[in-house]
Amino acid sequence: MPGTSSTLARPSASAGAASLFRQTLAGLRVLLVLTLLLGVAYPLAVWGVGQLALPWQANGSLVRSDGTHATSITDTGADGAPVVGSALIGQDFAAADDAERWFHGRPSAAGDGYDTLASAGTNLGPLNPELVAAIDERRAALAALNGVDPADLPADALTASASGLDPHVSPAYAALQVARVAEARGLDQAVVADLVAQHTAGRDLGVLGEPRVDVLELNLALENSEKMNP
Amino acid sequence: MLTQTSVLIQTTATQAVGEVASQQPGVWLAVGQIALLLLALAAVHAPLGAYMARVFTSPRHLRVEKAGYRLMRVDPDAEQRWSTYLLSLLGFSTASLLLLYGLARLQQHLPMNLGFSAFDPAGAWNTAVSFVANTNWQWYSGEAAAGHLLQMAGLAVQNFVSAAVGISVAVALVRGFMRSGTDGRVGNFWSDLTRTCVRILLPMAFVGALVLLATGVIQNFDAHTAIDTVAGGTQHVLGGPVASQEVIKELGTNGGGFFNANSAHPLENPSPFSNLFEIFLILVIPFTLPRTFGLMVGDKRQGWAILGAMGALWFVSVALITWAEMAGPGAAPLAAGGAMEGKETRFGLAASALFAASTTGTSTGAVNAMHDSLTAPGGGVTMFTMMLGEIAPGGVGSGLYGMLMLAIVAVFVSGLMVGRTPEYLGKKIGRQEITLVALYILTVPFLVLVGTALAIALPAGQVGIQEAGPHGLSEVLYAFTSAANNNGSAFGGLTSGTPFYNTALGVAMLAGRFIPIALVLALAGRFASQRTVPATAGTLPTHQPLFVGVLGTVALVVVGLTFVPVLSLGPIVESLS
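This is a predicted model, so every value here is computed, not measured.

**Q** Help me out: how do you make sense of the overall build of chain A in this one?
**A** Scanning chain A from N- to C-terminus turns up 7 helices and 6 strands. Moving toward the C terminus, one meets the helices and strands of chain A in the order α-α-β-β-β-α-α-β-α-α-β-β-α. The C-alpha radius of gyration computed for chain A amounts to 27 Å, which surpasses the reference 17 Å derived for 230 residues by more than 25%, pointing to a less compact arrangement than a globule. C-alpha atoms of chain A, sized along the principal axes, occupy 90 × 50 × 35 Å. Each of the 230 residues in chain A was classed as buried or not, and the buried ones make up 51%. When contacts within chain A are restricted to residue pairs at least 6 apart in sequence, long-range pairs at least 24 apart make up 49% of them.

**Q** For this particular structure, what's the right way to read the overall build of chain B?
**A** Helix and strand counts for chain B come out as 20 helices and 6 strands. A compact globule built from 577 residues would reach a C-alpha radius of gyration of about 25 Å, and chain B, at 24 Å, matches this within 12%. In terms of overall dimensions, chain B has C-alpha extents of about 85 × 60 × 55 Å along its principal axes. Looking at the 577 residues of chain B, the share that counts as buried comes to 63%. A separation threshold of at least 6 residues defines the contact pool for chain B, and within that pool the share at least 24 residues apart is 79%.

**Q** Explanation requested: the sheet that holds strand 4 (residues 168-169) of chain A in the structure shown.
**A** Backbone hydrogen bonds are what pair the strands of a sheet, in a parallel or an antiparallel way. Residues and elements named next belong to chain A. Read across the sheet, 3 strands follow the order 4-6-5 without closing on themselves; strand pairing throughout is antiparallel. Whereas interior strands pair on both sides, the edge strands pair on one side only; in this sheet they are strand 4 and strand 5 (200-201). Sheet analysis places strand 5 next to strand 6 (residues 212-214), joined by 2 bridges and oriented antiparallel. Residue pairing in the sheet places Ala201 in a bridge with Arg212 of strand 6.

**Q** Would you mind showing me how to read helix 9 (residues 242-251) of chain B here?
**A** For an α-helix the count is 3.6 residues per turn, leaving residues at separations of three or four pointing the same way. Within helix 9 of chain B, 10 of the 10 residues are buried, leaving the element largely enclosed by the surrounding structure. All of the buried residues in helix 9 of chain B are Val242, Ala243, Ser244, Gln245, Glu246, Val247, Ile248, Lys249, Glu250 and Leu251 of chain B. Turning to helix 9 of chain B, the residues buried within the fold contact helix 1 (13-53) of chain A together with helix 7 (148-178), helix 8 (189-215) and helix 10 (272-296) of chain B. Phi turns positive, to about 45°, at Thr253 of chain B, one or two residues after helix 9 of chain B.

**Q** Would you explain the sheet that holds strand 3 (residues 83-86) of chain A in this entry?
**A** All names here are of chain A. Strand order across the open sheet formed by 3 strands is 2-1-3, with antiparallel pairing between neighbours. Whereas interior strands pair on both sides, the edge strands pair on one side only; in this sheet they are strand 2 (69-70) and strand 3. Judged from the 3 bridges that link them, strand 1 (residues 62-64) and strand 3 form a sheet pairing that is antiparallel. Residue pairing in the sheet places Leu62 in a bridge with Ser86 of strand 3.

**Q** In this structure, what is going on with the domain arrangement of chain A? I would like to understand it.
**A** In many reports, interface size means the accessible area that the parts give up when they come together. If you check the domain split of chain A, you get domain 1 (14-53), domain 2 (59-85) and domain 3 (89-228). When each unit is reduced to the centre of its C-alpha atoms, the spacing between domain 1 of chain A and domain 2 of chain A is 38 Å.

**Q** Please explain the packing of helix 2 (residues 27-57) of chain B against helix 13 (residues 348-361) of chain B as it appears in this structure.
**A** Relative orientation and spacing of two packed helices are given, respectively, by the angle between their axes and the distance between those axes. Residue and element names in this part refer to chain B. For the pair helix 2 and helix 13, the least separation of the axes is 9 Å and the interaxial angle reads 40°. Classified by the angle their axes make, helix 2 and helix 13 are oblique. Two packed elements cross with a definite hand, and for helix 2 against helix 13 that hand is right-handed. Counted together, Leu29, Ala30, Gln33 and Ile34 of helix 2 and Ala350, Ala351 and Leu354 of helix 13 form the full contact between these two elements. Residues that form the contact of helix 2 with helix 13 fall into these classes: 6 nonpolar, 1 polar and no charged.

**Q** Explain the interface of chain A and chain B here, please?
**A** On the side of chain B, 120 residues touch chain A, which itself brings 105 residues to the contact. A class-by-class count of the residues in the side of chain A that touches chain B yields 62 nonpolar, 32 polar and 11 charged.

**Q** Teacher, can you tell me more about unusual backbone geometry here?
**A** A negative phi angle characterises most non-glycine residues, just as the trans form characterises most peptide bonds. A cis amide bond, omega 5°, links Ala392 of chain B with the succeeding residue Pro393 of chain B. Positive phi outside glycine occurs at Leu205 of chain A, with the angle close to 55°. A positive phi angle, near 65°, is found at Asn136 of chain B, a position not held by glycine. Note on placement: Asn136 of chain B falls in the loop between helix 5 (121-132) and helix 6 (142-145). Under the C-beta neighbour-count criterion, Asn136 of chain B is labelled buried, with 30 such atoms within 10 Å.

**Q** How do you make sense of the confidence of the model for chain B when you look at a structure like this?
**A** A low pLDDT score tells you not to read the predicted coordinates there in detail. Residue and element names in this part refer to chain B. Mean pLDDT over chain B works out to 93, with 96% of the residues at or above the 70 mark. Confidence drops under pLDDT 50 across residues 1-24; counting only partners more than four residues distant or on other chains, this segment forms 33 contacts. What the predictor reports for the complex is a pTM of 0.94 with an ipTM of 0.94.

**Q** It is not clear to me how the packing of helix 4 (residues 82-105) of chain B against helix 5 of chain B should be interpreted in this structure. Could you clarify?
**A** All names here are of chain B. Packing of helix 4 against helix 5 leaves a shortest axis separation of 9 Å and a crossing angle of 140°. Accordingly, the angle class assigned to the pair helix 4 and helix 5 is oblique. Crossing geometry of helix 4 relative to helix 5 is assigned as right-handed. Within the contact between the two elements, helix 4 uses Ser93, Ser96, Leu97, Leu100, Tyr101, Ala104 and Arg105 and helix 5 uses Ala124, Trp125, Thr127, Ala128, Val129, Phe131 and Val132. Classifying every residue of the contact of helix 4 with helix 5 gives 10 nonpolar, 3 polar and 1 charged.

**Q** Hey, could you run me through the UniProt feature "transmembrane region" (unreviewed entry) in chain A in this one?
**A** Feature annotation in UniProt places "transmembrane region" (unreviewed entry) on residues 30-54 of chain A, given in this structure's numbering. Here residues 30-54 of chain A runs as 96% helix and 0% strand, with 34 Å between its end C-alpha atoms.

**Q** What is the right way to read the environment of Val215 of chain A from this model?
**A** Considering the arrangement of structural elements, one finds Val215 of chain A in helix 7 (residues 215-228). With residues up to four places along the chain from it excluded, the contact list for Val215 of chain A reads Gly90, Phe93, Phe103, Gly105, Pro167, His168 and Val169 of chain A.

**Q** In this structure, what is going on with the environment of Leu267 of chain B? I would like to understand it.
**A** With respect to the helices and strands, Leu267 of chain B occurs in the loop between helix 9 and helix 10. It is 25 Å that separates the C-alpha atoms of Leu267 of chain B and Ala128 of chain B, two residues lying 139 residues apart in sequence. Aside from chain neighbours lying at most four places away, what touches Leu267 of chain B is Gly60 and Leu88 of chain A together with Val217, Ile218, Leu238, Val242 and Phe259 of chain B.

**Q** So what exactly am I meant to see when it comes to the pairing of strand 3 (residues 225-228) of chain B here?
**A** Both faces of the sheet carry side chains from a regular strand, because those side chains alternate between them. Residues and elements named next belong to chain B. Here strand 3 pairs with strand 4 (residues 234-237) via 4 bridges, running antiparallel. Across the sheet, Asp228 pairs through a bridge with Thr234, a residue of strand 4. Two successive antiparallel strands, strand 3 and strand 4, enclose a turn made up of 5 residues, where Gly232 displays a positive phi of approximately 90°.

Reading the values: rules and limits
- Residues numbered from 1 in each chain as written.
- Chains lettered and ligands numbered in written order.
- Predicted model: local features only at pLDDT ≥ 70, side-chain atom pairs only at ≥ 80, totals over all residues.
- Helix = DSSP H or I, 4+ residues; strand = E, 2+ residues; numbered from the N terminus.
- Rg over C-alpha atoms; globule rule 2.2 N^0.38 Å.
- Buried ≥ 20, exposed ≤ 12 C-beta atoms within 10 Å, placed from the backbone.
- Contact = placed C-beta atoms within 7 Å.
- Pairing = 2+ DSSP bridges.
- Domains from an automatic or database assignment.
- Axes fitted to C-alpha atoms, helices over the stretch in contact; angles between N-to-C directions.
- Parallel < 35°, antiparallel > 145°, perpendicular 65-115°, else oblique.
- Left-handed = near helix turned anticlockwise from the far one by under 90°.
- Nonpolar A, V, L, I, M, F, W, Y, C, P; charged D, E, K, R; others polar.
- pLDDT = per-residue confidence, 0-100.
- UniProt positions renumbered as here; feature names shortened; annotations may be inferred.

Here is the structure:
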């Protein structure tokens, strides 16, 4: 076996400090080499494969106003349709001026609502009176807005998501909004319900997660179907 | 007319199914997710375990490693005594701390900083310690404070190497069991570190990153840029090398999110499938290392016993949290008709509970739901799972050495009961050995309880608490439990970005990581120098179900006695109210 053991059997404090200093210098060299590999070469390799093979996903699953996909925010469609969001990120439809015309997502604690620079949940505890009051308030307000029985509102409509950017609502919450959206847009309820069904995804592989409706894609489809059939 | 009716029926049917499913999430769905996860873990168990054993026993270096060693100017073949091994480890970690602190303090001068300024001294200290100690506690919000280069070349690199440090320590301890009558040599730190990164973590991370890319996790170097939204507002489109960092965040049981919302963020964890894949990444190395251990000590059954204890504790944690979240006790879940506060629609209750148990049972600390908003019993179980000392199945490496330390306690206690000299894998557990183990067992609870007591006694600690009453205590207790156990998840209501918490939690993370590591390596050295004694008729078999039961009980009793008083003032009283 190489190396000697006797010198390290009982090191004095100063010898220990000198040794730690030497090892720190060695550690720095090792760290710099590993940083080149793991902190530069590796992420660049993933980036390269992503941009070549999966450019839509790698760049944020961007969608244009006409519902088509884009790979950068400057990548407008053939008819100049601008990028209006990401299929994976919710938007604050409840805060729009014409809010009654849109399907709404869940309450959001990200900034003033769906602020991607401030993703967050409320972190309010399960016994927090402030949270209980907010839930009761939302139940009353959403029942009035959608013209439904307060008892029918599902939990996701009344609670803030973990990220504040949840792109989905439950199929139950989407169904509650069909009548309001159809009336505001002067559309047949069946047409709107059909669009909801088209944008409802089941559980992944049959058992993973929950069924859900992508609110942004649903609203885009709604807007575009209206343009096509004025 | 007919088609319209059929569409209507179809829609109504879809809605009805969705409604029933989202409000009455069947237990079979939760079981189905767990079954899929276990199938995937079982499929890789034997091959990955054998592969890792070869990595740590092969005398040969890869060509790329040889080139690396020449640049690093270290000798990968020099067998180190435990003390030298420890010095190399501490030297490497010191260098890591200095570099990361420097990158955070000088962020305004770095390329791709997205215009973000430097971290303040307490914040930079906290973040540097946090990532070097494999904790990834985050007081900052990624999308509002950390530029791409700091994340990619600073934080993500530590996600690799701090994981490799943990695995190296576990391997050194296993070598202590394998060797007999040496002068305490336990391997070479530089070789273990490099091989873990190059041969295990990097290839798995690369493949995993491509899977995550396909599910929608981003990988680019764009700045966060404002656009006009569908309904006429504005929102920023986010950029960043997320996929490459997300995968090692889970695989290395680190847990530090690219974005504030961590694995709840749609760009870190876009779908239920990516969610299960991330849980798989979290668990795969901790659950496979017992196989590596069994192969290295030449008795696979010893690995099964360790795995059995880890798996049983993990499963109980999963079952309890799933039950708590689905039952939804507490004023707020009852008011809303379900515990969906702080959870994402695509995951729902079962997949959030599975993630919560797995992230706290390992030392990961990534979250796909906000733990502060879990039900009181659910949040209590996540805390208790961490308090076990991260052994269910624990962090990469740290889970294995943590469970082996408890196995030594278990044989010691059993030995006392039958009046025989305790021994484990042919190594006698004498006074000095059990002293090292006892110090190991006491270190983290000491940090947790003293830290929590200080924080609730001092005004500087009290100001950060969000909730009144027992949940306020839970927030502080969770923070110190998470930090000292190197988990990194949080009851996020606590405002921890203050000089007091950044400093105190930094101390807890540092001491909670490196004091146990020093004790484990000292024990590894003692074992390596001890002569292995052959098993006799009086030797306690450590591969049978009875021993697995003793091991699990020791884990629960050791933790229970230490933490029950403070738990009863926090989550337990909260669950009863």
